[in-house]
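Spelled out, the chains give:
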Amino acid sequence: MRVLLVGAGGVGTAITRIAARRSFFEAMVVADYDPARAEAAVAAAGDAEGRFRAARVDAGDEAAVRALLARHDCDVLLNATDPRFVMSLFRAARAAGATYVDMAMSLSRPHVERPYEECGIKLGDEQFAQAGEWEKVGALALVGMGVEPGLSDVFARYAADELFDEIEEIGVRDGADLTVDGHDFAPSFSIWTTIEECLNPPVVYEAGRGWFTTEPFSEPEVFDFPEGIGPVECVNVEHEEVLLVPRWVGARRVTFKYGLGEEFIRTLKTLRLLGLDRTEPVTVPGADGPVRVSPRDVVAACLPDPAALGERMRGRTCAGTWVRGVKDGAPREVYLYHVVDNQWSMAEYGCQAVVWQTAVNPVVALELLATRMWTGSGVLGPEAFPPRPFLDLLTAYGSPWGMREQ
């Protein structure tokens, strides 16, 4: 397997550090718009065998991405950029005949007239619209293969296969007790992506009704997270799992709720009130004349780089899937989860917990594809594959998952 990794930010760098310890691939080309970031990610891998190399590429330039795949004879494209570049990389991989893997899906657009009741264009719709083309030629696009979506979807499939006869509800629940010394507001993941998913209308799935939307931050509930994190208030947020799980797993209801906290929600609402969540450029005065700039990009530029927060971060992050249903005629309720302690991830990999937890899952998936324990064609989510090999290999990577009977 020869991999083109596009995106050398926090997650991309963590991917190189994790992958460097595995032998399933022959080469990994790390490409970024900023060549210095690509070179730093390669250096971070501590590559004694010469399997990693750096390159420059514009993720929005499909021709350049195709040329880079061909130049290095890569048969897999792993997308570690933000969701704005999903479709250009997705199309470039298909045109080049490469397997495609991402951790977030094509962007949604709210319903014009009823944004908090009906779906407009849903997450992943643009990719699934091309599923027939991928399947026809026997090519694979594995979409949503991070931690959430990704591991959370594997948990959903595992619950359906091994833990339940009937499933009433699947609810992804994400919470943490992370703090960052010296910062009152410092998101542990890309603020661009955080704004996108938190301020868009959340999607809920119900059997018989299908997908529909609600108000942002709706249906608050307190969820008790394991391993000492404790109770955290969680709210509805737009996320890919709700669009993926019902395609392969039978459940009467599917939701995603994120433990954000009142202060975080208040800050996001203020950004929206001021129009600072917008991606469309506005004109501002500059030293050399007017400059066109995206307000959301300005917000991102003003905040600390999440990948650089590890030394100041304390606590744990938990990703998991809560499932309620029936087994052998009796009610059952479980929470399948994965906790990463920032102290451990920094000591072991030099990566903060949130980016490490996101990065480990696509590397596990690549190894399963390389060894042909996972095979398929078309545009497929993690739920389309057998879950046990993934969960066993994740444990073998030194990061076990857990299950709590509720």
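Treat the numbers as computed from the prediction; the structure is a model and nothing was measured. Within every chain, residues take consecutive numbers counted from 1 along the sequence as written. Note on the predicted model: pLDDT of at least 70 is required for a residue's local features to be given, and 80 or more for side-chain atom pairs to be given and counted; whole-chain, interface and lining totals, by contrast, use all residues. Excluded from the side-chain calculations are hydrogens and water; all other atoms, namely the structure's heavy atoms, are used.

Undergrad: Any chance you could explain the overall build of the chain here in plain terms?
TA: Helices and strands together make up the secondary structure of the chain, namely 14 helices and 20 strands. With C-alpha atoms as the basis for the radius of gyration, the globule rule is written as 2.2 Å multiplied by the number of residues raised to the power 0.38. For the chain, the C-alpha radius of gyration of 20 Å lies close to 22 Å, the compact-globule estimate for 406 residues. Expressed along its principal axes, the backbone C-alpha trace of the chain runs to roughly 60 × 50 × 45 Å. Only protein chains enter the accessibility calculation, which uses a 1.4 Å probe; a residue whose area is less than 20% of its type maximum is buried, one above 50% is exposed, and one in between is partly exposed. The buried share of the chain, taken over its 406 residues, is 56%. Every residue pair with non-hydrogen atoms within 4.5 Å of one another is taken to be in contact. In the chain, of all internal contacts separated by at least 6 residues, the share reaching a separation of at least 24 is 70%. Here the Shrake-Rupley method, with its probe set to 1.4 Å, supplies the accessible areas, and only the displayed protein chains count as covering residues. Taken as a whole, the chain presents about 16500 Å² of accessible surface, with 48% of it coming from carbon and sulfur. His residues and chain termini do not enter the charge count, which takes Lys and Arg as positive and Asp and Glu as negative. For charged residues, the charge sits on one atom: NZ in Lys, CZ in Arg, CG in Asp, CD in Glu. A gap of 3 Å separates the mean positions of the 39 positive and 60 negative side-chain charges of the chain. Only runs of H or I of at least four residues qualify as helices and only runs of E of at least two qualify as strands under DSSP, and these elements are numbered from the N terminus.

Undergrad: Explain the pairing of strand E13 (residues 253–258) to me, please; I cannot follow it from the model alone.
TA: Remark: a regular strand shows side chains that alternate across the two faces of the sheet. Of all six residues that make up E13, six are buried, and the element is covered over most of its length. Two strands pair under a simple rule: DSSP has to find at least two bridges between them. Pairing of strand E12 (residues 230–236) with E13 involves two bridges; the strand directions are antiparallel. Residue Asn236 lies in a different strand from E13, and its bridge partner there is Lys257.

Undergrad: Help me understand the sheet that holds strand E4 (residues 76–79), please; the structure alone is not making it clear to me.
TA: Strand pairing within a sheet occurs via backbone hydrogen bonds; the two strands may be parallel or antiparallel. Read across the open sheet, the seven strands follow the order E3-E2-E1-E4-E5-E6-E19; overall the sheet is parallel. With partners counted over all chains shown, the strands left at the sheet margins are strand E3 (52–56) and strand E19 (378–380), one partner each. Across the sheet, the mean angle from the axis of one strand to that of its neighbour is 20°, orientation sign disregarded. Two elements, strand E2 (residues 27–32) and E3, share five bridges in a ladder whose sense is parallel. Interaxial angles span 0 to 180 degrees and are taken between N-to-C directions of axes, which are lines fitted to C-alpha atoms, for helices over the stretch in contact.

Undergrad: Explain helix H11 (residues 295–302) to me, please; I cannot follow it from the model alone.
TA: All of the buried residues along H11 are Pro295, Arg296 and Val299. When H11 is viewed along its axis, its buried side chains cluster within an angular range of 100° and face the same direction. Tucked into the core, H11 has its buried residues touching helix H8 (191–199), helix H10 (262–273), strand E14 (282–284) and strand E15 (291–293). Picture the helix axis, draw a direction to every C-beta atom, and the arc is the one those directions span.

Undergrad: I keep staring at the environment of Gly261 and nothing clicks. Help me out?
TA: With respect to the helices, strands and loops of the structure, Gly261 is situated in the loop between E13 and H10. The exposure class of Gly261 is partly exposed, given its relative accessible area of 33%. Note: C-alpha distance between Gly261 and Leu68 (193 residues apart in sequence) is 42 Å.

Undergrad: Honestly, the pattern of salt bridges in this entry has me stumped. Any pointers?
TA: Where side chains of opposite charge bring their charged atoms close, a pairing between them can arise. The rule for a salt bridge is simple: a side-chain nitrogen of Lys or Arg has to be within 4 Å of a carboxyl oxygen of Asp or Glu. Per the stated rule, a full pass over the model turns up 29 salt bridges. Between Arg157 and Asp161 there is a salt bridge, with its nearest N and O atoms 2.9 Å apart. Here Arg157 and its partner Asp161 are both found in helix H7 (residues 151–163), four residues apart, which amounts to about one turn of the helix. For Asp161, a relative accessible area of 43% translates into the label partly exposed. Measuring nitrogen to oxygen at the nearest pair gives 3.5 Å for the salt bridge that ties Glu162 to Arg388.

Undergrad: So what exactly am I meant to see when it comes to the pairing of strand E9 (residues 203–206) here?
TA: Across four bridges, E9 lies against strand E10 (residues 210–213) in antiparallel orientation. From the neighbouring strand, Val203 faces E10, where its bridge partner is Thr213. Taken together, E9 and the strand that follows it, E10, pair antiparallel across an intervening segment of three residues, in which Gly208 is found at a positive phi of about 90°.

Undergrad: Would you explain the packing of aromatic side chains in this entry?
TA: How two aromatic rings sit relative to each other is set out by the distance from centre to centre and by the angle between their planes. The aromatic pairing rule takes the rings of Phe, Tyr and Trp, using the six-membered ring of Trp, and pairs them if the centres are within 6.5 Å, calling planes under 30 degrees apart stacked, those over 60 edge-to-face and the rest tilted. Counted according to the given criterion, the structure contains 18 aromatic pairs. With centroids separated by 5.6 Å and ring planes inclined at 80°, the aromatic side chains of Phe25 and Phe52 adopt a geometry described as edge-to-face. Pair noted here: Phe25 is in the loop between helix H1 (10–19) and E2 and Phe52 is in strand E3, with a separation of 27 residues, a long-range link. Phe25 sits in the buried class, given a relative accessible area of 3%. For Phe52, a relative accessible area of 7% puts it in the buried group. Comment: the charge-over-ring label is applied if NZ (Lys) or CZ (Arg) is within 6 Å of the ring centre and within 35 degrees of the ring normal. If you follow Arg21 out to its NZ or CZ, it ends over the ring of Tyr349, 3.9 Å from the centre. Its end group placed over the ring of Trp134, Arg94 keeps NZ or CZ at 5.5 Å from the ring centre.

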